[in-house]
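# Per-entry structural report
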Amino acid sequence: MTLTLTAPDILRDDAGRRFDAATHRWQPARAGEAAGNPIAASEALRLALKAGARRLPVGVIGPNDASPSELAMAEAAGRGIARLGLPLICGGRGGCMQAASRGAAEAGGLVIGVLPSTDPLSANPFVSVPIASGIGEARNAIIASACFALVAVGGGHGTLSEIALGLKMERLVITMPDANRVDGALECAEIETAMEAIAGRYFRVAP
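### Regarding the packing of aromatic side chains
If you walk through the whole model with that rule in mind, you get five aromatic pairs. Ring geometry for F19 and F203: centres 5.1 Å apart, planes at 80°, overall edge-to-face. Taken together, the residues span a long stretch of sequence, with F19 in strand β3 (residues 18–20) and F203 in helix α6 (residues 191–205) at a distance of 184 residues. Classification of F19 by relative accessible area gives buried; the value is 8%. On the basis of an interplanar angle of 45° and a centroid distance of 6.2 Å, the ring pair of W26 and F203 is categorised as tilted. With W26 in strand β4 (residues 25–27) and F203 in helix α6, the pair connects residues that are 177 residues apart, well separated along the chain.

### Considerations on the state of the cysteines
The final tally for this structure, using the stated rule, is zero disulfides. Counting only cysteine sulfurs, C96 is the nearest neighbor of C90, a cysteine outside any disulfide, at a range of 10 Å. Accessibility expressed as a relative area gives 0% for C90, which makes it buried.

### Some remarks on the sheet that holds strand β6 (residues 58–61)
One open sheet accounts for seven strands, arranged β9-β8-β7-β6-β10-β11-β12; its pairing is parallel. Of all strands in the sheet, those with a lone pairing partner are β9 (129–132) and β12 (186–187), marking the two edges. Note that strand β7 (residues 88–90) and strand β8 (residues 111–115) share three bridges and pair parallel. Bridge pairing in β8 places C90 opposite G113.

### Focus: the nonpolar core
F19, L86, I198, Y202 and F203 are the most contacted members of the largest nonpolar core, which has 47 residues in total. Taken together, the elements giving at least two residues each to this core come down to α1 (41–50), β6, α2 (68–84), α3 (96–106), β8, β10 (149–152), β11 (172–175) and α6. I61, I89, C147 and L150 belong to the second largest nonpolar core, which has 13 residues in total.

### Some thoughts on unusual backbone geometry
Glycine aside, negative phi is the norm for most residues, and most peptide bonds take the trans geometry. Here the phi dihedral of H24 falls at roughly 55°; this positive angle occurs in a residue that is not glycine. Among the secondary structure elements, H24 is positioned in the loop between β3 and β4. Positioned with a positive phi, E170 is a non-glycine residue whose angle comes to about 65°. Residue position: E170 is located in the loop between α5 (157–168) and β11.

### Description of the side chain of E70
Along the chain, the position of E70 falls in helix α2. With near-sequence residues (within four places) excluded, E70 lies in contact with P63, D65, C96, V153, G154, G155 and D178.

### Comments concerning the environment of S101
Turning to its location among the elements, S101 is positioned in helix α3. Judged by relative accessible area, S101 falls into the buried class, the value being 0%. Sequence separation between S101 and A51 is 50 residues; the distance between their C-alpha atoms is 26 Å. Not counting residues up to four positions away in its chain, the partners in contact with S101 are L88, C90, V111, N124, F126 and V127.

Rules and cut-offs
- Residues numbered from 1 in each chain as written.
- Predicted model: local features only at pLDDT ≥ 70, side-chain atom pairs only at ≥ 80, totals over all residues.
- Heavy atoms only, no water.
- Phe/Tyr/Trp six-rings, centres within 6.5 Å; stacked < 30°, edge-to-face > 60°.
- Helix = DSSP H or I, 4+ residues; strand = E, 2+ residues; numbered from the N terminus.
- Buried < 20%, exposed > 50% of the residue type's maximum accessible area, 1.4 Å probe, protein only.
- Disulfide = S-S within 2.5 Å.
- Pairing = 2+ DSSP bridges.
- Core = buried A, V, L, I, M, F, W, Y, C linked by side-chain atoms within 4.5 Å.
- Contact = heavy atoms within 4.5 Å.

Here's what the structure looks like:
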């Protein structure tokens, strides 16, 4: 999808449709309207959010027992999501979940943690909104369902299950360099590339 901007703040897709921030829908093109100038998806997202568009969550998934490189990548992902202006949703505990939460929180973002237990105080200290699900590892399905895009950092069976759930639910699933390679997922080597892909997918959610 190619996005264009007609001054001062009208976003259009490559079919000429206008994005309505209030309803999160594409409105039909009108005859004679200017096409506008190309704009990066991340910048288009910032304009849409400023106009009141919905702040759809983005998930970060990864192992609890993570390597230093995985923790750094998770933190960068959380920071990038917050800088896009979107909330982060994760498992709310330690490892990659805490690193992503830290990155998002320190960048001023909202962090939603879906916990396996019934104790909201078991969340890591960077979680803004703890959700004590009480359903154990089945909470992975909630995380995959609640977001429109997932960023996978590192490996492990839990992470792989969330990747599979995300793909089954037709979410954008991004795998960073240390993550499992799975058919259907988008492989990204850099956080900036992943964030641009997330911003682009945000507009594809709109009917």
